[in-house]
Amino acid sequence: MDYFLELFFGGLTRGSIYALIALGYTMVYGIIQLINFAHGEIYMIGAFTALIAASALSLLGLNGPALLVLAGLIAVIYSAAYGYTIEKIAYKPLRTAQRLSPLISAIGMSIFLQNYVLLAQTSDFLSFPTLVDEFAFMEPVSHIMRSSELLIVLTTLVCTVLLTLFIKFSRMGKAMRATAQDKTMAMLLGININQVISVTFIIGSSLAAVGGVLISNHIGQINFYIGFIAGIKAFTAAVLGGIGSIPGAVLGGLILGWTESFATGYVSSDYEDVFAFGLLVFILIFRPAGILGRTSTDKV
Amino acid sequence: MNTQSIPFIRRAVSEIGRSLLVSCWFMFLTFPIMVIKVNPLERTIDWQWMRLVWIGLAVFPLSLVWRWLMMRKEQGSAKDGEDSWQKRLGERIRADRKISAAILALLAAFVVAFPFIFSSYQTQIMISALMYVMLGLGLNIVVGLAGLLDLGYVAFYAVGAYSYALLNHHFGLGFWSALPIGAGLATIFGILLGFPVLRLRGDYLAIVTLGFGEIIRLVLENWNAFSQGPSGIAGISRPGFFGIELSLSQHTVFLYFIVLALVAFTILVVSRLRNSRIGRAWIALREDEIACQAMGIDKTKTKLTAFALGATWAGFVGCIFAAKTTFINPASFTFMESAIILSIVVLGGMGSIIGVIVGALVLILLPEYLRAFSEYRMLVFGASMVLIMVFRPQGIITGVRRHYRFRQKEGTEEQGERDAASA
Amino acid sequence: MLQVLDIKQLTMDFGGLRAIDDVDLEVRQGEIVALIGPNGAGKTTFFNCVTGVYEPTGGVMMARRPGKNASVKLNKLKPNVITEHGLARTFQNIRLFQNMTVLENVMVARHCRTRSGILGAIFRNAGTRREEQETVDFSYGLLEKVGLQQHVNDLARELPYGAQRRLEIARALATEPFLLLLDEPAAGMNPRETSELDALITRIRDDEGISILLIEHDMKLVMSISQRIYVMDYGRLIAQGTPREIAENPNVIKAYLGETFDA
Ligand SMILES: Nc1ncnc2c1ncn2[C@@H]1O[C@H](COP(=O)(O)OP(=O)(O)OP(=O)(O)O)[C@@H](O)[C@H]1O
Ligand SMILES: [Mg+2]
């Protein structure tokens, strides 16, 4: 039973991280129908920035949770800035181009960013400093769930709720929904599409950075390549839930997290990524609209 | 005079101001990752301030160039002007049969003489460049002609390589019998994978093929009983030459000519296919799926032929790769390999044969000869994919469609001789 | 007269929107029939259902090639199969293969009437070469018919608008249809081009015996060319009859109120 619970919470943790990244994919796809291939790299850059900021700030004598929060904040700001800039450089000029051009551009951007970090920093794994001690109240259940996992699950919950409220009630959120429905119509109604797209990238990138910081804090090491696999898995989560749908991204993330956790726990740990990719292939073939997505006919 | 130059000066000042801003923005953006270099072992930090200065200095002119190119692009699309010098030069060369024949003959002589002029090492490099030409041309069928973004192309390459390696390892099969088997197996894989996924929309197809590619690599890595896992398969035989023993350098020369012949064969096949019933269907599919179906073309079948044929070529090259290196392991078949092949196609020009050849030679040979550059290879690949998409989506060399000639009078129209009109 | 197209109770829903509601329509051999109606009436959607681009929610669609005894049920057939049976269409928002030449655009449409495959293309055997030559000749002939022979080697995207519409017609004809469905063929044409188009459509019907169903907003063209007219509004058929009957029908005039209706 304990083993089951351990896998369950392990899956919940993974799933939460996937969900945080998947939110960015789903929001961008919902608005400009682009698979932002470089999104995983934003997550990686978030983790790196946090690590660098934490190392630099610890020279000033900072430590503990305060350092984690500060470093996390810096990471979020920088990831958002990267997301914003990438959209301006690699996607905005291609709004009217053939449908595969932005995707190829995104792949190029992803390769570029990976190698940028590789060359500027290192190809080795860097160890992420332990910033938060185990919470005392978690002692009795620490064999099932670690404190850093609890942190991940709670943060994801808070982020999702905030995002949902933002999209439902804020002016910008409404503009985003309108743009996702019908870009031309939104434009005619006086919505500034460029601004909406920029905000979408900024929010998505910030969430990815949060995920990057949390997972680094949990696992304890990062390298330039972590964004690639995480990105594809998060994309799987987004598609699984129904791309374009925010609750879908969270649901998809959790299902993927549990699938991986239980499959590696009970079947074989060698094929961890194969389960994820297998699930991706399976969904896209049998239900490309995802669990919460609706099938629609393209207008001719 | 003065009244005219004022708006110009104002414009220039504003452009420079904006570029300065962009330059500052990038200095901010790259600050943590470029400047603060963390040393994890000693838990220390190097401050690399010079990098910040370089970024600032480099971004400023780049931003100016970027803005200028953007401006030109916008004006260009308004006028719909074609890049005329290239078109004219191309037409001149094509029109003048003497020039094109001379160039071709010279090229052929050089290519044939290559292994005798240059060292064995250079020949090795050329072999791998030519292998990438074949891979590029094969992927060009799928991406360039049929418009199917296949990000898992390397999977078929792996199928070819492992077919030969395993057949050689277990049954002692030689290169020549393994070549068609490897290609055939890759074709079968292509059909098996293609059948379910080709109904998907373009971007989903890209991701699914990426997933398939990774699955195949992970299986090769973990299924030790079958593929000997990460340690790979060693001691694969080189191609036999009528049972005669060859020295290592002779083997290299022999392999060079095998690859050269296959490249020539590939060029022939692709150029003929491009202007055939099937090839036109592929291009039509790329241009507009709905209209293509409405013209009576079976979408799935047409996509499947392109996908399977592309896979076949990857299988061919996979066999050659195994024969060349005599050792393979899953590390040669990562997504980055697919990305390199894709950037060859994208950079050279989707759908253009010469473009892909040039793209492969540039992308593979340049990093080999400019060692200092090789570290930055993937960085430059990535950046150039973005730049090409933004500024020149048709690639360096634009594919030109075949021209037909008719007598303008009714009745006896004839197909013209000028069919070399395909770049 | 024999029917070539017989649609019964066609219905098409998009989520909550009923774009076509219980429409009956028939086209007889050698007829030119027009389908008109205000913007958003569901005319293009009707074409999309008949040509297999959309799968209709309800109704039966039958088609019969003149000279054949059995008619074919079009429901659930793929678009390319429907084209193979002999229904060809053009698109309201021109959908040419932009980066192919004009001639190639037409040659592509010969696909379903030709056979050669990959091996034929690679080895260029006699059969393939002959078929290729026939394709070229046939396509060139069609381009002459629509008056595009000067443009054979131009890229489709370089053509002027009116010429693009004619190329769409040539391309549809290359599939050897018995029924041609034209979606607003005169849109964007000047009066001279429109009258040429009028002659072209009539010639296609007279020379080849191809029946024609066309959607058109240009009432002058519709009234002069068609034998019968169907009028749709909000997905429903509100009138049908000869041009004269339609012009006098109060329902039609009401539906078109606000639009210029100069018949
Ligand atoms: N794929 C689709 N999904 C959702 N709604 C659609 C789709 N295709 C068409 N519609 C809707 O169906 C209705 C009919 O559209 P349709 O294009 O058939 O009109 P039309 O009569 O051709 O108009 P027009 O004269 O402007 O071409 C419109 O309200 C349109 O928005
Ligand atoms: Mg319409």
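Basis of the calculations
Residues numbered from 1 in each chain as written. Chains lettered and ligands numbered in written order. Predicted model: local features only at pLDDT ≥ 70, side-chain atom pairs only at ≥ 80, totals over all residues. Heavy atoms only, no water. UniProt positions renumbered as here; feature names shortened; annotations may be inferred. Helix = DSSP H or I, 4+ residues; strand = E, 2+ residues; numbered from the N terminus. Contact = heavy atoms within 4.5 Å. Buried area = accessible area lost by both parts, 1.4 Å probe. Salt bridge = Lys/Arg side-chain N within 4 Å of Asp/Glu carboxyl O. Polar contact = N/O pair within 3.5 Å; in protein donor to acceptor, adjacent residues only side chain to side chain. Nonpolar A, V, L, I, M, F, W, Y, C, P; charged D, E, K, R; others polar. Donors = N, O, S within 2.8 Å, 3.2 Å for Na, K, Ca; no water. Buried < 20%, exposed > 50% of the residue type's maximum accessible area, 1.4 Å probe, protein only. Near = heavy atom within 4 Å. Areas by Shrake-Rupley, 256 points an atom, 1.4 Å probe, with all protein chains shown as cover. Axes fitted to C-alpha atoms, helices over the stretch in contact; angles between N-to-C directions. Parallel < 35°, antiparallel > 145°, perpendicular 65-115°, else oblique. Left-handed = near helix turned anticlockwise from the far one by under 90°. Phe/Tyr/Trp six-rings, centres within 6.5 Å; stacked < 30°, edge-to-face > 60°. Lys NZ or Arg CZ within 6 Å of the ring centre and 35° of its normal.

### Points about the UniProt feature "transmembrane region" (unreviewed entry) in chain A
Residues and elements named next belong to chain A.
Turning to step 1, where the next piece is worked out: Sites flagged by UniProt as "transmembrane region" (unreviewed entry) map to residues 15-35, 42-60, 66-85, 97-119, 150-167, 188-216 and 274-293.
Turning to step 2, where the next piece is worked out: Within residues 66-85, the helical portion is 100% and the strand portion 0%, while the C-alpha atoms at the span's ends are 29 Å from each other.
Turning to step 3, where the next piece is worked out: Secondary structure across residues 150-167 divides into 100% helix and 0% strand, with the first and last C-alpha atoms of the span separated by 26 Å.

### Some remarks on the interface of chain A and chain B
Turning to step 1, where the next piece is worked out: Contacts between the two partners involve 58 residues from chain A, matched on the other side by 59 residues from chain B.
Turning to step 2, where the next piece is worked out: Of the roughly 5,500 Å² buried between chain A and chain B, counting both surfaces, carbon and sulfur atoms make up 76%.
Turning to step 3, where the next piece is worked out: When the buried area of chain A at its contact with chain B is split by residue, Tyr78(A), Ile104(A) and Leu119(A) rank highest and sum to 11% of it.
Turning to step 4, where the next piece is worked out: On the surface where chain A and chain B come into contact, there are 0 salt bridges.
Turning to step 5, where the next piece is worked out: At the junction of chain A and chain B, the tally comes to 9 residue pairs in polar contact (both at pLDDT 80 or more).
Turning to step 6, where the next piece is worked out: Of all elements in the fold, only α2 (39-59), α3 (64-91), α4 (100-120), β1 (126-127), α9 (226-241) and α11 (272-286) of chain A reach the threshold of two or more residues within the side of chain A that touches chain B.
Turning to step 7, where the next piece is worked out: For the side of chain A that touches chain B, the element with the highest residue contribution is α4(A), accounting for 16 residues.
Turning to step 8, where the next piece is worked out: A breakdown of the residues in the side of chain A that touches chain B according to their chemical character gives 43 nonpolar, 12 polar and 3 charged.

### Here we look at the coordination of the magnesium ion (ligand 2)
Residues and elements named next belong to chain C.
Turning to step 1, where the next piece is worked out: Coordination of the magnesium ion (ligand 2) by the protein involves Thr44 (OG1) and Gln92 (OE1), with metal-donor separations of 1.8 to 2.1 Å. With Thr44 in helix α1 (residues 43-50) and Gln92 in the loop between β6 (87-89) and α3 (102-108), this residue pair connects regions lying 48 residues apart in the sequence.
Turning to step 2, where the next piece is worked out: Residue classification places Gln92 among the partly exposed positions, given a relative accessible area of 29%.

### A few points about the site of ligand 1
Turning to step 1, where the next piece is worked out: Neighbouring ligand 1 are 17 residues, the closest being Asn39(C), Lys43(C), Thr44(C), Thr45(C) and Gln92(C).
Turning to step 2, where the next piece is worked out: Positioned at a junction of chains, ligand 1 has nearby residues supplied by chains A and C.
Turning to step 3, where the next piece is worked out: In this structure, Gly42(C) approaches ligand 1 through a main-chain N or O atom, which is 2.9 Å from an oxygen atom.
Turning to step 4, where the next piece is worked out: Note that an oxygen atom of ligand 1 is positioned 2.5 Å from one of the side-chain N or O atoms of Thr45(C).
Turning to step 5, where the next piece is worked out: Starting from 640 Å² of accessible surface for ligand 1 in isolation, the protein chains cover 78%.
Turning to step 6, where the next piece is worked out: The element that contributes the greatest number of residues to the shell around ligand 1 is α1(C), accounting for 3 residues.
Turning to step 7, where the next piece is worked out: Of the residues that constitute the shell around ligand 1, the class distribution is 5 nonpolar, 8 polar and 4 charged.

### Section: the side chain of Thr114(C)
Turning to step 1, where the next piece is worked out: Within the secondary structure layout, Thr114(C) lies in the loop between α3 and α4 (118-123).
Turning to step 2, where the next piece is worked out: Among the polar contacts made by the side chain of Thr114(C), one reaches the main-chain carbonyl oxygen of Arg110(C) at a distance of 2.9 Å.
Turning to step 3, where the next piece is worked out: Not counting chain neighbours up to four residues away, the residues in contact with Thr114(C) comprise Arg277(B), Glu131(C) and Thr135(C).

### Structural notes on the packing of α3(A) against helix α8 (residues 193-219) of chain A
All names here are of chain A.
Turning to step 1, where the next piece is worked out: Close contact between α3 and α8 brings their axes to 7 Å; oriented N to C, the two are set at 140°. Of the possible angle classes, the one that applies to α3 and α8 is oblique. Viewed along their axes, α3 and α8 form a crossing whose handedness is right-handed. Contacts between α3 and α8 involve Leu68, Gly72, Ala75, Val76, Ser79, Ala80, Gly83, Tyr84, Glu87, Lys88 and Tyr91 on the former and, on the latter, Ile197, Ser198, Phe201, Ile202, Ser205, Ser206, Ala209, Val210, Val213 and Asn217.
Turning to step 2, where the next piece is worked out: Here the contact of α3 with α8 is built from residues that sort into 12 nonpolar, 7 polar and 2 charged.

### A few points about the packing of aromatic side chains
Think of a pair of aromatic rings as described by two things: how far the centres are apart, and how the planes are tilted against each other in angle.
Turning to step 1, where the next piece is worked out: Throughout the structure, instances matching the rule amount to 40 aromatic pairs over all chains.
Turning to step 2, where the next piece is worked out: Ring centres 6.2 Å apart and planes at 5° place the aromatic pair Phe262(A) and Tyr266(A) in the stacked group. Taken together, the residues Phe262(A) and Tyr266(A), both in helix α10 (residues 246-266) and 4 residues apart, mark about one turn of the helix.
Turning to step 3, where the next piece is worked out: For the pair Phe114(B) and Tyr256(B), a centre-to-centre distance of 5.9 Å together with 15° between the ring planes defines the contact as stacked. With Phe114(B) in helix α4 (residues 97-117) and Tyr256(B) in helix α10 (residues 248-274), this pair connects stretches of sequence that are 142 residues apart. The burial state of Phe114(B) is the same as that of Tyr256(B); both residues are buried.
Turning to step 4, where the next piece is worked out: The ring of Phe138(C) carries the charged tip of Arg110(C) above its face, separated from the ring centre by 3.8 Å.
Turning to step 5, where the next piece is worked out: In this structure, Arg171(C) packs its charged tip against the face of Phe97(C), placed 4.8 Å from the ring centre.

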